[in-house]
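Working through the structure, step by step
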Amino acid sequence: MKYDRLNEQDRYYEYTLNDGTRVMRYQIIAMIKKTIGDDKKTVPQIAKEIGIDRQIIYNLVRYLCAKMVLGSKKMQRHSLYFVHENECLLAKLFYPPEMVQKFTIKSRKIYRG
């Protein structure tokens, strides 16, 4: 495992769902992202919908938050998790949010050919 490539290391992470199905780590991550979708959900909600132990979801959600795939919002009892939008890093560099908010279109011309 120490000398394997990063994309080959997923074969060591295999999880068992409540119905006995065995899935790999990347498949569970895809399930988590699909389950959350555009909503904000807690870990118990995600675990119930996927059908897997809560502790596994806690570990994977913490891993995804560290990789900036998921974002979290602290609530009273449980944190709400949501999927970050894919953003272009170059767009952030060349067009900072402060500049984009001030940008307005004054007029436009339409050319017919």
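The following refers to the structure shown. Here the structure is a predicted model, which means the values were calculated and not measured. Every chain begins its residue count from 1, and numbering advances along the sequence as written. Owing to the predicted nature of the model, reporting of local features is limited to residues with pLDDT of at least 70; listing and counting of side-chain atom pairs is limited to 80 or more, with chain, interface and lining totals taken over all residues. Calculation of side-chain values draws on the structure's entire complement of heavy atoms; hydrogens and water are dropped beforehand.

**Topic: the pairing of strand β4 (residues 80-83)**
The sheet contact formed by strand β3 (residues 70-73) and β4 spans 4 bridges and is antiparallel. By the bridge assignment, Leu-70 is partnered in β4 with Val-83. Pairing between two strands is assigned when DSSP locates at least 2 bridges connecting them. Labels follow the DSSP assignment, with helices taken as runs of H or I lasting at least four residues and strands as runs of E lasting at least two, numbered in each case from the N terminus. Hairpin connection from β3 to β4: 6 residues lie between these consecutive antiparallel strands.

**Here we look at the pattern of salt bridges**
One speaks of a salt bridge when a side-chain nitrogen belonging to Lys or Arg is within 4 Å of a carboxyl oxygen belonging to Asp or Glu. Considering all chains together, one arrives at 2 salt bridges under this definition. Where Arg-22 meets Glu-14, a salt bridge forms, and the shortest distance between an N and an O atom there is 2.8 Å. Burial classes follow relative accessibility: with a 1.4 Å probe on protein chains only, a residue under 20% of its type's maximum area counts as buried, one over 50% as exposed, and anything between as partly exposed. Assessed through its relative accessible area of 41%, Glu-14 is described here as partly exposed. Between Lys-41 and Glu-49 there is a salt bridge whose closest N-O contact spans 2.8 Å.

**Digging into a nonpolar patch on the surface**
Residues Leu-90, Leu-93, Phe-94, Tyr-95, Met-99 and Val-100 make up a contiguous nonpolar surface patch of roughly 670 Å² in combined accessible area. Counting residues per element, the ones that place at least two in the nonpolar patch are α4 (89-94) and α5 (97-102). Inspection of the secondary structure puts Phe-94 in helix α4. For patch building, the residue pool is restricted to those with more than 30% relative accessible area and no salt bridge; the joining distance is 9 Å between like charges and 5 Å between nonpolar side chains (Val, Leu, Ile, Met, Phe, Trp, Tyr). Every accessible area reported is derived by Shrake-Rupley at a probe size of 1.4 Å, with residue values counting cover from the shown protein chains alone.

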